[in-house]
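An overview of the molecular structure
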Amino acid sequence: MSTKQKKMIFTLAVVSVIMGFSQRAYGMHIMEGYLSPKYCIAWGVLSIPFLVTGYLSIKKKLKDNRKNITLLAMAGAFIFLISSLKIPSVTGSCSHMTGTGLGAILFGPTAVSILGVIVLLFQAILLAHGGLTSLGANTFSMAIAGPLLSYGIFQLCKKLKVNPMVSVFLAAFFGDIFTYCITSFQLAIAYPSEEGGVITSMGKFLGVFAPTQLPLAVLEGILTVLIMIALKTYANQELKLVNLNLEEN
Amino acid sequence: MKEKILEINHLTFAYDRNHQALKDISIAIYEQEKIAVLGANGAGKTTFFLNLNGVREPSSGEIRYRGEMIDKKNKTKLRRNVGIVFQDADSQIIASTVKAEVAFGPLNMKLPRGEVEEKTMEAIREMKLEDYITRPPHYLSGGEKKRVSIADILAMDSEIMIFDEPTASLDPVNAQALEEILDKIQQKGKTILLSTHDVDFAFRFAKRILVFCDGELIGDGTAQEIFRDEVILKKANLKKPVFMELYDLLREKGKIKETTEYPKKLSDIALLL
Amino acid sequence: MGKGKAYEQKSIDYYSYISDLGNWNAVYKVIFSMGGLITVIGADSLWISLVTILFMLFLSVGVGRIPMKAYLRLMKIPAAFLLMGGAAIMVQIGRGHNSIFYISFFQTKLYITKDSLLLAVNVTLKALAAVSAFYMLTLSTPMGEIISVFRRLHVPALILELMHLIYRYIFILSETNQKQKDAAKSRLGYCDMKTSFHTFSSEMANLLVLSMKKADMYYDAMEARGYEGTGIFWEETKTVTGKQLMYGALYTLLLMLVFIVLRRNV
């Protein structure tokens, strides 16, 4: 085989691998065993302050009204479900929402941090997405960083009086993008490049997951907007229930 | 006369200010009764049940359990002695295996572990669920779930067992089995209250019938009294049981013997012909 | 399509109720599985990974009697992540002095070195070994028992209760959604892209509203059975038997053997 042929085959292989396995595009869960113990622990520790805050806020909500427990649990189950359901997509491959933005907008980022860590644990146990050793890293990117950014953007847009649907889109879209960037960073510092170290490596991870994650973020934005529109058509009674009981002030 | 278990005086309940879900209900419930509660959807049957069990607190009026006034402090007495089998089994089942599910009530009663185990297994055997002990509820059929939800309450050994539309989503075989279960439970000395839209079932099963209409208790009497009362039937939009109409028709044509007790089964009619 | 999805979603959970490892003591299984997991990522060794993959396969399929076909299908779930992550680790960008293979890529080169190739293979095997070790637990331990182990680890009661409820509600919502989907399909709700998007979003909105409404009733149902703000759940006591310990000892022995052999070769 000539070098040229080799190169051709290599390029083809890379393309087909990426195309072939973007068939099932989930949020980017770092899988079991992918991180070395120090990173597993470091990301876990980094998540703790956020989780404690979330726990305390949930505890307070339940103290105010014990009935919130079933509402919170329903919210958690809903986030799990929305992130595991196949969504219709253009290419025939199937994608899944992350539910990060929607969750943050509906239930607020502190509740979502606790619900998120439970949902991530269940995804690892029930669906084998993500894992137990990578739970800390995934929690940080998907249950903390993403929702916080989404919520921040949503609130900022509210203050700037941006069209509500545009702000929902931006919140959901950037929530996904941010999660994807953080995950790439987490992988990059665990596996720096031989040349160029973490930065080059981050570029590689961003690049290799881009074909699945970029369309997913757009889709997430669109669907979150559509879901919010659909929710608005319901009597506000139910929406109030969600906001009053769960969203933080 | 059997002992009185519950006494309800002038009970009123409102979810919000504009709408009273229950209006001035007064009634007493005795040991070993078989009571059917009839009425359209939204007439207040479920709310009534939730009040009996202490999950809802009356806006006004009182509930006495064996003579003792129920207030905030001792409402657990109601929950322990009045059990509800909810209409939708899924809304009731919360644990991840059948055994854990049935044990939920006894555990909440803070019984010692051995006793929890005993009561749980007894209820499971009673409902013939032995083969499903380690099965999670989401891999059960509708009829099986219903049996689990009944075992839930059986395990709590409450004096009064309430069934909210127990036959609603059951196929004929399961509905038949349920009737047998109900009889068995009643023979064990329990009082049964059940709501249903099936007048034939109510007529066959109940000694006493309560009729709800727009939050009011408009009828309380024996099955015969209620189904003979055209005013109540019309108001609550109820039909007469088929066997009752059949008997009336046959009697009009002089084809059946007169009796004071309406026939409730085909075999009762056959005896009178 | 819908059936396949439901099947996939239930599969791991489903096997946990039929596995022959189901009657093993849950705490022991957690220690076993976590021990394997930590050893694999801590040792960072190709051979340890291989031994773990094979041993966990033996436990889950051989002893636990999970069908081989199902096990292999489950092992394929993380394939996409493994391949893409592996590619990113393996392929380097830059001048590539000691590459074993390269292609030009705009101004620079994409290349693979012996080290990067080894690293990618190592990481992939390590991940698969970790997944196998975790599967040993999840494919044989019902969620209720896993939560009971968390209780022993002093996770707050509130979190445990949320876990119990969320687990149950996931299946309730998923069943409801299946019905929604069938009903929508029967009315051409998924006939084209645009319609599908709208149908999907309405389904989700509807599901959320429905679930929030149901939450209230579910609370009533719990209260009706004497729930007073702290969920107490039944936990089965399963004893650790000699046989269970033997498998653990066997695994430890194998790991030790590998360590000794590796030491000698270094």
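How each quantity is defined
- Residues numbered from 1 in each chain as written.
- Chains lettered and ligands numbered in written order.
- Predicted model: local features only at pLDDT ≥ 70, side-chain atom pairs only at ≥ 80, totals over all residues.
- Heavy atoms only, no water.
- UniProt positions renumbered as here; feature names shortened; annotations may be inferred.
- Helix = DSSP H or I, 4+ residues; strand = E, 2+ residues; numbered from the N terminus.
- Domains from an automatic or database assignment.
- Contact = heavy atoms within 4.5 Å.
- Buried area = accessible area lost by both parts, 1.4 Å probe.
- Salt bridge = Lys/Arg side-chain N within 4 Å of Asp/Glu carboxyl O.
- Polar contact = N/O pair within 3.5 Å; in protein donor to acceptor, adjacent residues only side chain to side chain.
- Nonpolar A, V, L, I, M, F, W, Y, C, P; charged D, E, K, R; others polar.
- Patch = residues over 30% accessible without salt bridge, like charges linked within 9 Å, V, L, I, M, F, W, Y side chains within 5 Å.
- Areas by Shrake-Rupley, 256 points an atom, 1.4 Å probe, with all protein chains shown as cover.
- Buried < 20%, exposed > 50% of the residue type's maximum accessible area, 1.4 Å probe, protein only.
- Axes fitted to C-alpha atoms, helices over the stretch in contact; angles between N-to-C directions.
- Parallel < 35°, antiparallel > 145°, perpendicular 65-115°, else oblique.
- Expected span 1.5 Å × (residues − 1).
- Bend = angle between axes of the 7 residues up to and from the residue.
- Pairing = 2+ DSSP bridges.

**A short note on the UniProt feature "domain: ABC transporter" (unreviewed entry) in chain B**
Annotation from UniProt places "domain: ABC transporter" (unreviewed entry) at residues 6–239 of chain B. Secondary structure across residues 6–239 of chain B divides into 40% helix and 27% strand, with the first and last C-alpha atoms of the span separated by 29 Å.

**Brief notes about the domain arrangement of chain B**
All names here are of chain B. Along its sequence, chain B is carved into domain 1 (4–94 + 158–240) and domain 2 (241–273). Inter-centroid distance (C-alpha atoms) of domain 1 to domain 2 is 29 Å. Listed per partner, the contact involves 11 residues of domain 1 and 11 residues of domain 2. Taken together, both faces of the contact between domain 1 and domain 2 bury some 980 Å²; the carbon and sulfur share is 61%. Interface area lost by domain 1 to domain 2 is led by F203, Q224 and K240, which between them contribute 63%. At the boundary of domain 1 with domain 2, the tally comes to 1 salt bridge. With a closest N to O distance of 4.0 Å, D248 and K240 form a salt bridge. Counting across the domain 1 and domain 2 interface gives 2 residue pairs in polar contact (both at pLDDT 80 or more). Mapped onto the side of domain 1 that touches domain 2, the elements with two or more residues apiece are helix 8 (199–205) and helix 9 (223–228).

**Concerning the interface of chain C and chain A**
At the junction of the two partners, chain C supplies 91 residues and chain A supplies 82 residues. Together, F81, M84 and M212 of chain C form the three largest contributors to the area buried by chain C at its contact with chain A, with a combined 10%. Of the charged contacts, one joins D216 of chain C and K67 of chain A as a salt bridge, the two residues approaching to 3.7 Å between their closest N and O atoms. Here chain C and chain A share 11 residue pairs in polar contact (both at pLDDT 80 or more) between them. At 24 residues, helix 9 (residues 193–224) of chain C tops the list of elements feeding residues into the side of chain C that touches chain A. Considering only residue class, the side of chain C that touches chain A consists of 58 nonpolar, 19 polar and 14 charged.

**A look at a nonpolar patch on the surface**
Residue and element names in this part refer to chain A. A cluster of nonpolar side chains, contributed by I41, V45, I48, V52 and L56, occupies part of the molecular surface with about 460 Å² of accessible area. Structurally, I41 is set in helix 2 (residues 37–64). Relative accessible area serves as the criterion here: at 56%, I41 is assigned to the exposed category.

**Looking at the environment of M136 of chain C**
All names here are of chain C. Structurally, the position occupied by M136 is in helix 6 (residues 114–138). Classification of M136 by relative accessible area gives buried; the value is 0%. A C-alpha to C-alpha distance of 5.6 Å links M136 and S60, two positions 76 residues apart in sequence. When residues no more than four places from it in sequence are discounted, the contact partners of M136 are L21, K29, F32, S33, M56, L59 and S60.

**Looking at the domain arrangement of chain C**
Quite often, the size of an interface is put as the accessible area lost when its parts meet. All names here are of chain C. Each assigned domain of chain C is listed here: domain 1 (15–141 + 237–266) and domain 2 (143–235). On a C-alpha basis, the centroid separation for the pair domain 1 and domain 2 is 32 Å. With 9 residues of domain 1 at the contact, the number on the domain 2 side is 7 residues. Put simply, E145 and K238 hold a salt bridge, and the shortest N to O gap is 2.5 Å.

**Side note on the packing of helix 2 of chain A against helix 3 (residues 68–84) of chain A**
Residues and elements named next belong to chain A. Between helix 2 and helix 3, whose axes approach to 9 Å, the crossing angle comes to 135°. Between helix 2 and helix 3, the interaxial angle falls into the category oblique. Facing helix 2, whose interface residues are I58, K61 and L62, helix 3 presents N68, I69 and L72. Classifying every residue of the contact of helix 2 with helix 3 by side-chain character gives 4 nonpolar, 1 polar and 1 charged.

**So, the UniProt feature "transmembrane region" (unreviewed entry) in chain C**
Residues and elements named next belong to chain C. Per the UniProt annotation, the sites labelled "transmembrane region" (unreviewed entry) are residues 21–41, 47–67, 79–97, 117–137, 149–170 and 244–262. In residues 21–41, helix accounts for 76% and strand for 0%; the two terminal C-alpha atoms are 24 Å from one another. Spanning residues 244–262, this segment combines 100% helix with 0% strand, and its end C-alpha atoms are found 28 Å apart.

**A few points about unusual backbone geometry**
All names here are of chain B. Backbone geometry at H10 places phi at a positive 50°, although glycine is not the residue there. By secondary structure assignment, the location of H10 is in strand 1 (residues 4–16). Although it is not a glycine, D24 adopts a positive phi angle of roughly 45°. Looking at the element boundaries, D24 is found in strand 2 (residues 19–30).

**Examining helix 2 of chain A**
All names here are of chain A. Taking 1.5 Å of rise per residue, 28 residues should cover 40 Å, and helix 2 covers 40 Å from first to last C-alpha, within 8% of that figure. At I48, helix 2 shows its largest bend, some 35°, and a proline, P49, comes one to four positions later. For helix 2, the complete set of buried residues consists of Y39, C40, W43, S47, L51, G54, Y55, S57, I58, K61 and L62.

**Observations regarding the pattern of salt bridges**
If you walk through the whole model with that rule in mind, you get 37 salt bridges over all chains. When the shortest N-O distance is used, the salt bridge between D64 of chain A and K60 of chain A registers 3.4 Å. You can see D64 of chain A and its partner K60 of chain A sitting in helix 2, 4 residues apart, about one turn around the helix. Within the structure, one salt-bridge network assembled from shared partners comprises E230, K240, D248, R251 and E258 of chain B.

**Quick notes on the side chain of K34 of chain B**
Residue and element names in this part refer to chain B. By the secondary structure assignment, K34 is in strand 3 (residues 34–38). We classify K34 as buried; its relative accessible area is 11%. There is a polar contact of 3.0 Å between the side chain of K34 and the side chain of D183. Residues contacting K34, with those up to four places away along its chain left out, are D183, Q186, I192, F205, A206, K207 and R208.

**So, the sheet that holds strand 7 (residues 160–164) of chain B**
Residues and elements named next belong to chain B. Sheet architecture is open: 6 strands sit in the order 6-7-8-3-9-10, paired in mixed fashion. A single partner strand is all that each edge strand has here, and the edge strands are strand 6 (82–85) and strand 10 (216–222). This sheet shows a mean twist of 20° between the axes of neighbouring strands, independent of strand direction. Examined bridge by bridge, strand 9 (residues 208–213) and strand 10 share 6 bridges and lie antiparallel to one another. Each bridged residue has a counterpart across the sheet, and for I209 the counterpart in strand 10 is G221.

**Here we look at the interface of chain B and chain C**
Each partner contributes residues to the interface: chain B has 37 residues there, and chain C has 30 residues. When chain B packs against chain C, the two sides together hide about 3200 Å² of surface, and 57% of this comes from carbon and sulfur. Between the two partners, chain B and chain C, sit 7 salt bridges. Notably, a salt bridge pairs E175 of chain C with K145 of chain B, separated by 3.7 Å at the nearest N-O pair. Our count for the chain B to chain C interface comes out at 17 residue pairs in polar contact (both at pLDDT 80 or more). Those elements giving two or more residues to the side of chain B that touches chain C turn out to be helix 1 (45–53), helix 2 (75–81), helix 3 (89–92), helix 4 (98–108), helix 5 (113–126) and helix 6 (142–154) of chain B. Of the residues forming the side of chain B that touches chain C, the biggest block, 8 residues, is contributed by helix 4 of chain B.

**Focus: the environment of D115 of chain C**
Residues and elements named next belong to chain C. You can see D115 is positioned in helix 6. D115 gets classed as exposed once you look at its relative accessible area, which sits at 57%. Once the C-alpha coordinates of D115 and G248 are considered, the two residues, 133 residues apart in sequence, prove to be 34 Å apart.

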